[in-house]
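Here's the letter readout for the chains.
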Amino acid sequence: MNAILLAESPRTAFAESVLGRGEVEVVLLRLDSMPLGRAYLRRTAHVPTFTLDPEATLLDEAARYLRWAKGTKGLPRPRFVCGGDPEAGEVARRFGALVDLPELTPEQLAPAPAATAGIAREPWWNLGGGSLERDLSDLGNPAKRLAPSA
């Protein structure tokens, strides 16, 4: 099973939708200053959580996280980091870079649209999903669509 380090935000719907998915293990990255509701905190009490100390530097917190992760038996080992909104995404990017975790966007964690239900698709952790033409176009290199070979 794949795991992610999920930076929390006050908009808890995204975190709760990720937590509700069976194929994703989650370790929460909590900002001590982040206002979170009591009901959400109760629902996530069972989820491993690393809380950032606002008085410490992010570099110091990254070192503390790595010690915590190494010393916590049974803790899922995240392969990616993600934030559900712009503020959490910025923290996730900066923290992930310090602990060597690439970033996933919320779109990469979104469930498949209902229109594609029943169609086999790549798992969410396959970052190479999507068409080559679109990927090249996103990089600023418009690709010519080729006709299928006979």
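Re the nonpolar core
Now for step 1: Formed by 33 residues in total, the largest nonpolar core has its most connected members in Ile 4, Leu 5, Leu 6, Val 26, Leu 29 and Phe 95.
Now for step 2: Within the residue set of this core, elements represented by two or more residues are strand E1 (2-7), helix H1 (12-19), strand E2 (24-31), strand E3 (49-52), helix H3 (58-71), strand E4 (80-83) and helix H4 (86-98).
Now for step 3: Residue contributions to this core peak at six residues, all from E2.

Quick word on H1
Now for step 1: Looking at H1, one finds that the buried residues are Thr 12, Phe 14, Ala 15 and Val 18. Projected onto a plane normal to the axis of H1, the buried residues spread over an arc of 155° and lie on a single side.

Quick word on the confidence of the model for the protein chain
Now for step 1: In this model, the protein chain carries an average pLDDT of 77, and 69% of its residues clear a pLDDT of 70 or more.
Now for step 2: Taking the mean pLDDT of every element in the protein chain, the minimum, 51, falls on helix H6 (residues 132-138) and the maximum, 95, on H3.
Now for step 3: Overall, residues 114-129 carries pLDDT values under 50, and its contacts beyond four positions in sequence, including any with other chains, amount to 21 contacts.

Considering the pattern of salt bridges
Now for step 1: Under the criterion given, the structure shown has five salt bridges.
Now for step 2: For Arg 64, the salt bridge goes to Glu 61, with nearest N and O atoms at 2.6 Å. With a gap of three residues between them, Arg 64 and Glu 61 both fall in helix H3, about one helical turn apart.
Now for step 3: For Arg 64, a relative accessible area of 31% gives the class partly exposed.
Now for step 4: A relative accessible area of 4% places Glu 61 in the buried class.

As for the pairing of E2
Put simply, side chains in a regular strand alternate between the two faces of the sheet.
Now for step 1: Counting buried positions along E2 gives seven out of eight residues, so the element sits mostly inside the fold.
Now for step 2: Sheet topology note: the E1/E2 ladder contains six bridges and is parallel. Its bridge partner being in E2, Asn 2 is matched across the sheet by Val 24.
Now for step 3: In the sheet, E2 pairs with E3 via four bridges, with the strands oriented parallel. From the neighbouring strand, Leu 29 faces E3, where its bridge partner is Phe 50.
Now for step 4: Handedness of the crossover joining E2 and E3 through helix H2 (residues 38-43) is recorded here as right-handed.

A word on the sheet that holds E1
Now for step 1: A sheet is described by the order of its strands in space; here four strands give the open sequence E3-E2-E1-E4, paired in parallel fashion. For this open sheet the edge positions go to E3 and E4, each flanked by a neighbour on one side alone. If you compare each strand with its neighbour and ignore which way they point, the axes differ by 25° on average.
Now for step 2: Summarising the sheet, E1 and E4 pair through four bridges and their orientation is parallel. Across the sheet, residue Ala 7 finds its bridge partner in E4, namely Gly 83.
Now for step 3: Along the sheet, H3 contacts E1, E2 and E3; its crossing angle with E3, the most-contacted strand, is approximately 160°.

Focus on the packing of aromatic side chains
Now for step 1: In this structure the tally under the stated criterion is five aromatic pairs.
Now for step 2: On the numbers, 5.5 Å between centres and 75° between planes, the contact of Tyr 65 with Phe 95 is edge-to-face. In this pair, Tyr 65 is assigned in helix H3 and Phe 95 in helix H4, connecting sequence segments 30 residues apart.
Now for step 3: Look at Tyr 65 and you get buried, because its relative accessible area is 4%.

Conventions and cut-offs
Residues numbered from 1 in each chain as written. Predicted model: local features only at pLDDT ≥ 70, side-chain atom pairs only at ≥ 80, totals over all residues. Heavy atoms only, no water. Core = buried A, V, L, I, M, F, W, Y, C linked by side-chain atoms within 4.5 Å. Buried < 20%, exposed > 50% of the residue type's maximum accessible area, 1.4 Å probe, protein only. Helix = DSSP H or I, 4+ residues; strand = E, 2+ residues; numbered from the N terminus. Arc of directions from axis to C-beta. pLDDT = per-residue confidence, 0-100. Contact = heavy atoms within 4.5 Å. Salt bridge = Lys/Arg side-chain N within 4 Å of Asp/Glu carboxyl O. Pairing = 2+ DSSP bridges. Right-handed = clockwise from strand over helix to strand, strands pointing away. Axes fitted to C-alpha atoms, helices over the stretch in contact; angles between N-to-C directions. Phe/Tyr/Trp six-rings, centres within 6.5 Å; stacked < 30°, edge-to-face > 60°.

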